[in-house]
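Observations on the three-dimensional arrangement
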Amino acid sequence: MSYAGGGPDDTDDGGIRMDARASGRSRITMAGRDISSTYFVSASSAVLVGLVGIALLMGLWQPWQKQGGGGDDKPASVVSEPASRPHRDTLPDNRDEEEEPDPDETTPTPTPTPSPTPTSTPSPTPDPPNPVDLAFASVRVGTCLNVFDAGWGKLNHDRPEAVDCAASFAFTQVTMVTTSAGNCPEGGGRHGWGHVNTDGSTIALCLDRRFAAGQCFPAALTKQADGSIKGTGRLFTVWGCDQTKGPSGQNALMVITALLSDGQCPQRTGRTTLSWTVFSGSRTLCAMVVQR
């Protein structure tokens, strides 16, 4: 058996030559030298020699080393990567690996969208105060007014108007302010003046007639069988003393002569004088007939 190491161009100086013959004599040429020895080679020895030759051959030729293009051969480095994160080139279908978030990068907090400000419905402009309501609301107990019955069952004004109590036209005075005219005292010389406000509330002024000598009022008089004269007078009415005709149903005009707390009314010769109880019987009104 023969083995020659090296390539076809190798010389005997750098090669290894091994001759083995079954005759028991072998000639081995190594590093340019011939080594001759005579030995008995059995069949198993021949196999062993062959394995040694193959081992020497593999030691000289290492196909797994990376061949360098420039001359120096360097072993290729193998980098093992974690099995849980395959290399980008080994992902199936050429899909890119999902990028993991950078733990150092702070996620910006989204700016909250401001809620729209609800549009408020403007409040309706309130109506201006009713002047009549204001006039009634301004009245206090003791206030004097120029209001009276005009003779037709209706007052001469639609709202109260305060006047000086010493004035000749201060015909009435407020004695009580309430919510209903029905709460006012009744009787000769008194009147309840009610009013409904714009908001539905009610107010009432309780009035007393301010009698004064020289004022006139109409009356309905009749002559009795004994010759005396009796009748009813419209005591809350103020009538002109120069008027020749009174309201419908009234046939006489009376002029006030006195207001007494007690006693009898003074009489005049040739003139008829009559009297009426007023203010719930606390006073007596004296008046004489002007014409009839």
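Refer to the structure presented above.
Notes on the structure in this doc start here. In this numbering scheme, every chain counts its residues from 1 along its sequence in written order. Residue-level local features of this predicted model are given only where pLDDT is at least 70; pairs of side-chain atoms are given and counted only at 80 or more, and the full residue set underlies all totals for whole chains, interfaces and linings. Excluded from the side-chain calculations are hydrogens and water; all other atoms, namely the structure's heavy atoms, are used.

A separate point is the pattern of salt bridges. In what follows, salt bridge is the name for a side-chain nitrogen of Lys or Arg lying within 4 Å of a carboxyl oxygen of Asp or Glu. Enumeration according to the criterion identifies three salt bridges in this entry. Residues Arg234 and Asp149 are paired through a salt bridge, measuring 3.7 Å at the closest nitrogen-oxygen approach. Linking Arg234 in the loop between strand 11 (229-233) and strand 12 (252-260) with Asp149 in the loop between strand 5 (144-145) and strand 6 (162-163), this pair joins segments that are 85 residues apart in sequence. Given the relative accessible area of 27%, Arg234 is considered partly exposed. Ionic pairing is found between Asp208 and Arg190, a salt bridge with its closest N-O pair at 3.0 Å. Linking Asp208 in strand 9 (residues 202-209) with Arg190 in strand 8 (residues 190-196), this pair joins segments that are 18 residues apart in sequence. Working definition: helices are DSSP H or I runs of at least four residues, strands are E runs of at least two. Numbering for both runs from the N terminus. Three labels apply to residues, based on accessible area from a 1.4 Å probe with only protein chains included: buried if under 20% of the type maximum, exposed if over 50%, partly exposed otherwise in between.

Burial within strand 12 is extensive, with seven of its nine residues counted as buried. By this definition, two strands are paired if DSSP reports at least two bridges between them. Strand direction decides the pairing type here: strand 10 (residues 216-223) and strand 12, joined by four bridges, are antiparallel. Directly across from Pro218, in strand 12, lies its bridge partner Leu253.

All right, on to the side chain of Thr178 then. Along the chain, the position of Thr178 falls in strand 7 (residues 172-178). Relative accessible area serves as the criterion here: at 15%, Thr178 is assigned to the buried category. Looking at Thr178, its side chain comes within polar contact range of the side chain of Asn183, at 2.9 Å. Throughout, a contact is declared for two residues whenever any of their heavy atoms are within 4.5 Å. For Thr178, the contacting residues outside a window of four places in its chain are Asn183, Cys184, Ile203, Ala204 and Cys206. Polar contact criterion, stated in full: a pair of N or O atoms within 3.5 Å, where within protein one must be able to donate a hydrogen and the other to accept it, and residues adjacent in sequence count only if both atoms are side-chain atoms.

All right, on to the sheet that holds strand 5 then. With antiparallel pairing, the five strands of this open sheet are ordered in space as 6-5-7-9-8. Strands with a single pairing partner mark the edges of an open sheet, and in this sheet they are strand 6 and strand 8. Two elements, strand 5 and strand 6, share two bridges in a ladder whose sense is antiparallel. Within strand 6, the residue paired with Cys144 across the bridge is Val163.

Let us now look at the nonpolar core. Counting residues in hydrophobic clusters, the biggest one holds 15 residues, and the most contacted among them are Phe211, Phe217, Leu221, Leu235, Met254, Trp276 and Leu285. Every element with two or more residues in this core is listed here: strand 10, strand 12, strand 13 (273-278) and strand 14 (283-291). Those residues in contact with Phe211, other than ones at most four positions away along the chain, are Gly189, Leu235, Ile256, Leu259, Val278, Phe279 and Leu285. Counting residues in hydrophobic clusters, the runner-up holds twelve residues, among them Val132, Val147, Leu155 and Ile203. Put simply, buried Ala, Val, Leu, Ile, Met, Phe, Trp, Tyr and Cys residues joined by side-chain atoms within 4.5 Å make one nonpolar core.

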